[in-house]
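Okay, here's what each chain looks like letter by letter:
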Amino acid sequence: MLGAVRLLLVGINLLNWLFALGFALILALLLLAPGTVAPAFAKFGSHAALMRHAGAVTLVVGIASVAAAHVILTRLTAMVDSVAAGRPFTLANADRLRTMAWALLAFQLLDLFYGVIAIRMSAATGRYFGWGPGIGGWLAVLLLLVLARVFRQGAAMQDEVEATV
């Protein structure tokens, strides 16, 4: 089962980077050849330039999100490997959980930044750009920080047991 989970995580990370490549290509078109994408923004009339700029910023947010997702996915893959090896409660896993919490916090902050962009685009054009605040990710950050502490204590307890045997 852990082998399948590991394979899934590696596959998701590969897709993650393919999204980054796609975002980067579209961003390059927006910045280097705006005429090629101008027809897609024509429907926004006088707001076309604003929407093109907002689209570019949104793509940068997307690329930054890919980096945060990479951090989470690689740390989670390493944790799966350590569980498969029979040593889940290690200081390395505690550090991985803490790093994942910070990466997830970055996700949440990027989401807020996108929210500002979406609200401004919606206000400028009168169209809804699909953003709403959520609490789940913020709670997940706290959960990961607590789990990191639990793993740190578990690793210390495991070391104590091994030292007494």
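Everything numeric in this text was worked out from a predicted model, so none of it was measured.

Draft legend 1. Spatial organisation of the overall build of the protein chain. Tallying secondary structure elements over the protein chain gives five helices and zero strands in all. Starting at the N terminus and walking to the C terminus, you meet the elements of the protein chain as α-α-α-α-α. Here the C-alpha atoms of the protein chain give a radius of gyration of 21 Å, more than 25% beyond the 15 Å that 2.2 N^0.38 yields for 165 residues. With respect to the principal axes defined by its C-alpha atoms, the protein chain has extents near 75 × 30 × 25 Å. Counting over 165 residues, the protein chain shows a buried share of 31%. Across the protein chain, the fraction of contacts at a sequence separation of at least 24, relative to all contacts at a separation of at least 6, is 77%. For the protein chain, the accessible area works out to roughly 9,800 Å², and carbon and sulfur atoms hold 75% of it. Here the protein chain contributes 11 positive and 6 negative side-chain charges, whose respective centroids are spaced 18 Å apart.

Draft legend 2. Spotlight on the side chain of Thr90. Looking at the secondary structure, you find Thr90 in the loop between helix H3 (48-84) and helix H4 (91-125). Classification of Thr90 as buried rests on a relative accessible area of 15%. Beyond its immediate chain neighbours, meaning those up to four positions away, Thr90 contacts Phe151 and Ala155.

Draft legend 3. Fine view of the layout of surface pockets. Size it by volume and the largest pocket reaches roughly 170 Å³. In this structure, the largest pocket is lined by Leu50, His53, Ala54, Val57, Phe113, Val116, Ile117, Arg120 and Met121. When contributions to the lining of the largest pocket are tallied by element, the ones reaching two or more residues are H3 and H4. A per-element tally of the lining of the largest pocket places H4 first, with five residues. Here the residues of the lining of the largest pocket are counted per class, giving seven nonpolar, one polar and one charged.

Draft legend 4. Inspection of the pattern of salt bridges at higher detail. Counted under the stated rule, the structure contains three salt bridges. The residue Arg6 makes a salt bridge to Asp81 at a minimum N-O spacing of 2.6 Å. With Arg6 in helix H1 (residues 2-32) and Asp81 in helix H3, the pair connects residues that are 75 residues apart, well separated along the chain. Among the residues examined, Arg6 registers a relative accessible area of 34% and is labelled partly exposed. Judged by relative accessible area, Asp81 falls into the partly exposed class, the value being 31%. With a shortest N-O distance of 2.4 Å, Arg152 and Asp95 are connected by a salt bridge. With Arg152 in helix H5 (residues 136-164) and Asp95 in helix H4, this pair connects stretches of sequence that are 57 residues apart.

Draft legend 5. Highlighting the packing of H4 against H5. Direction vectors running N to C along H4 and H5 enclose 170 degrees, while the axes themselves pass 8 Å from each other. Relative to H5, the element H4 is oriented roughly antiparallel. Across the contact of H4 with H5, the residue classes tally to 18 nonpolar, three polar and three charged.

Draft legend 6. Layout of the side chain of Ser122. As for its position among the elements, Ser122 is in helix H4. Not counting chain neighbours up to four residues away, the residues in contact with Ser122 comprise Arg127, Tyr128 and Phe129.

Draft legend 7. Broad picture of H5. Between its first and last C-alpha, H5 extends 41 Å over 29 residues, near the 42 Å set by a 1.5 Å rise per residue. Within H5 the residues assigned to the buried category are Gly137, Val141, Leu144, Ala148, Phe151, Gly154, Ala155 and Gln158. Buried-residue contacts for H5 involve H3 and H4.

Rules of the game
- Residues numbered from 1 in each chain as written.
- Predicted model: local features only at pLDDT ≥ 70, side-chain atom pairs only at ≥ 80, totals over all residues.
- Heavy atoms only, no water.
- Helix = DSSP H or I, 4+ residues; strand = E, 2+ residues; numbered from the N terminus.
- Rg over C-alpha atoms; globule rule 2.2 N^0.38 Å.
- Buried < 20%, exposed > 50% of the residue type's maximum accessible area, 1.4 Å probe, protein only.
- Contact = heavy atoms within 4.5 Å.
- Areas by Shrake-Rupley, 256 points an atom, 1.4 Å probe, with all protein chains shown as cover.
- Lys, Arg positive; Asp, Glu negative; His and termini not counted.
- Charge placed at Lys NZ, Arg CZ, Asp CG, Glu CD.
- 1 Å grid on protein atoms, 1.4 Å probe; cavity = no way out; pocket = protein on both sides within 12 Å on 5 of 7 lines; lining within 4 Å.
- Points joined across faces, edges and corners; volume = space filled by probe spheres on them.
- Nonpolar A, V, L, I, M, F, W, Y, C, P; charged D, E, K, R; others polar.
- Salt bridge = Lys/Arg side-chain N within 4 Å of Asp/Glu carboxyl O.
- Axes fitted to C-alpha atoms, helices over the stretch in contact; angles between N-to-C directions.
- Parallel < 35°, antiparallel > 145°, perpendicular 65-115°, else oblique.
- Expected span 1.5 Å × (residues − 1).

Fair warning: the whole summary comes from geometry, so function is off the table for now.
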